[in-house]
Amino acid sequence: MNVIDSKRIWLSSPHMGGTEQTFVKEAFDTNWVAPLGPNVDGFEKDVETYLGNEVSVAALSSGTASLHLGLKLLGVSRDDEVLCQSMTFAASANPIVYLGAKPVFVDSESATWNMCPEQLEIAIKDRISKGKKPKAIVVVHLYGMPYNVEAIHNIAAEYKIPVLEDSAEALGSSYHGVKCGTFGDIAILSFNGNKIITTSGGGALVSKNKNHKEKAIFLATQARDNAPHYEHSEIGYNYRMSNITAGIGRGQMQVLDKHVGYRRRNFDFYKKHLADFSEIKFLDEPIGYHSNRWLTCIETISYDLREGLRRSLAEENIESRPLWKPMHQQAVFADCDAYLNGISDDLFDRGLCLPSGSNLEEDDLYRIVSVIKNVLR
Ligand SMILES: *Cc1c(COP(=O)(O)O)cnc(C)c1O
């Protein structure tokens, strides 16, 4: 096969369920073409019902905006320090800088690839001994795999530091039966085009504290005080979700569990068909962990093999990507402190994300697996 006649296979592309346009049409028919309206309210209810645990959800314009407001609600401000998982997408860390605060990065554990509880405690103790107690902890369920909720939250509680749970990649995942997105003092979700469900672009702030929802919506709609004219006593933002995109979200919520099923099917397919090759390894779920398998990732035995696989897939018009480059390796965060154990550096060197869309067909999966097998043989 060559690039000209083979269909492009994407890492993770939007997958519509079918009813999205009904909700969008209704918005047009009723002229609710605005950053609020019945679809926004309905979408928030849908997500609240799905997550359970009496959470309140504020639908916002992106996951990044949700992180920004979430950190602000947790009291992060200028010159504060915020502990942040190093191995993640830059959007987990950037909002710390928007607030004039400073990220301090924490390495991963090998069992989940997420924040290492031991490194977290070392970091907290060290920052406190240097005279500055961290203001918040940003921890991520990477690729849909839950972080060690019990250990991380026990440490956070012991030192009384609030947790911002970045669940952008983990809608549909759970930890001992409890949905990801319900553990943090504040959690965030993303509905970007590549996520497990999409509104084309969007996000949400989640909290068990109803005041957080109210305050997030207040800040997201320009912080307008209660007065007939425009009165402001705080700096606001334009971060609310539009009623059009929320309509897409309402349709997508109807197929979320199906999407989780398809993504988990992808993982099982890869694992089954590549089981004979000791040069690659899959990340299994520890007991009690349930991953939405947003992306199926493999760990190869070397940088060269990873690059060989990536290039061979690219030649066949198949998109794959190295794992997230840790934030402590990024030029933009070169002056930030980090507490490291080598695990995220190693994963970045040897790890690869495979195509994982819920809309992949069996033929696509066979095509991908055959390229990988050819390289490994
Ligand atoms: C996608 C993502 C975000 C940001 O969400 P957007 O909606 O794209 O702004 C934040 N954190 C992680 C881990 C993500 O994968």
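What this report covers is the structure whose coordinates are included nearby.

Rules and cut-offs
- Residues numbered from 1 in each chain as written.
- Predicted model: local features only at pLDDT ≥ 70, side-chain atom pairs only at ≥ 80, totals over all residues.
- Heavy atoms only, no water.
- Helix = DSSP H or I, 4+ residues; strand = E, 2+ residues; numbered from the N terminus.
- Expected span 1.5 Å × (residues − 1).
- Buried < 20%, exposed > 50% of the residue type's maximum accessible area, 1.4 Å probe, protein only.
- Contact = heavy atoms within 4.5 Å.
- Core = buried A, V, L, I, M, F, W, Y, C linked by side-chain atoms within 4.5 Å.
- Pairing = 2+ DSSP bridges.
- 1 Å grid on protein atoms, 1.4 Å probe; cavity = no way out; pocket = protein on both sides within 12 Å on 5 of 7 lines; lining within 4 Å.
- Points joined across faces, edges and corners; volume = space filled by probe spheres on them.
- Nonpolar A, V, L, I, M, F, W, Y, C, P; charged D, E, K, R; others polar.
- Near = heavy atom within 4 Å.
- Polar contact = N/O pair within 3.5 Å; in protein donor to acceptor, adjacent residues only side chain to side chain.
- Areas by Shrake-Rupley, 256 points an atom, 1.4 Å probe, with all protein chains shown as cover.
- Sits in = over half its atoms within 2 Å of the grid points.

The next point concerns helix α9 (residues 256–273). Taking 1.5 Å per residue as the helical rise, α9 with its 18 residues ought to reach 26 Å, and the 26 Å between its terminal C-alpha atoms agrees with that figure. Those residues of α9 that sit buried are Leu256, His259, Val260, Arg263, Asn266, Phe267, Phe269, Tyr270 and His273. Those residues of α9 that are buried lie in contact with α2 (38–51), α8 (243–253), β10 (280–282), β12 (296–300), β15 (351–354) and α12 (362–376).

In terms of nonpolar packing, the biggest core is built from 59 residues, with Leu120, Ile137, Tyr143 and Leu171 touching the most fellow members. With five residues, α2 is the single largest residue contributor to this core. In this structure Leu171 touches Tyr50, Leu51, Leu189, Phe191, Ile196, Ile197, Leu256, Val260 and Asn292, once residues within four positions along its chain are discounted. Formed by 32 residues, the second largest nonpolar core is a distinct cluster that contains Leu69, Cys84, Ala168 and Cys336.

So, about the sheet that holds strand β2 (residues 81–85). Taken together, eight strands build an open sheet; the order of strands is β1-β9-β8-β5-β4-β2-β3-β14 and the sheet is mixed. Two strands lie at the open edges of the sheet, namely β1 (56–60) and β14 (338–339), each paired on one side alone. Sheet topology places β2 next to strand β4 (residues 136–140); three bridges connect them, and they run parallel. Looking at the pairing, Cys84 lines up with Val138 of β4.

Attention now goes to empty space enclosed by the protein. A complete count under the given rule lists two cavities of 30 Å³ or more for this structure. Considering only residue class, the lining of the largest cavity consists of eight nonpolar, three polar and one charged. Forming the boundary of the second largest cavity are Ser13, Pro14, His15, Gly193, Lys195, Ile196, Ile197, Thr198, Gln252, His259, Arg263 and Ser358. In the lining of the second largest cavity, the residues fall into three nonpolar, seven polar and two charged.

Moving on, we get to the sheet that holds β10. Spatially, four strands are ordered β10-β12-β15-β13 in an open sheet, and the strand pairing comes out antiparallel. One side of each edge strand has no neighbouring strand; the edge strands of this open sheet are β10 and β13 (321–322). Note: β13 against β15, two bridges, orientation antiparallel. Across the sheet, the residue bridging to Arg321 is Cys353, located in β15.

Around the ligand lies a shell of 16 residues, among which Thr64, Asp166, Glu169, Ser190 and Lys195 are the nearest. One of the side-chain N or O atoms of Asp166 is found 2.7 Å from a nitrogen atom in the ligand. At 3.3 Å, a side-chain N or O of Lys195 approaches an oxygen atom of the ligand. For the ligand, the accessible surface in isolation is 380 Å², of which the surrounding protein chains cover 94%. Among the cavities detected, the one that contains the ligand is the largest pocket. With three residues, the single largest contributor to the shell around the ligand is helix α3 (residues 63–73). By residue class, the composition of the shell around the ligand is five nonpolar, eight polar and three charged.

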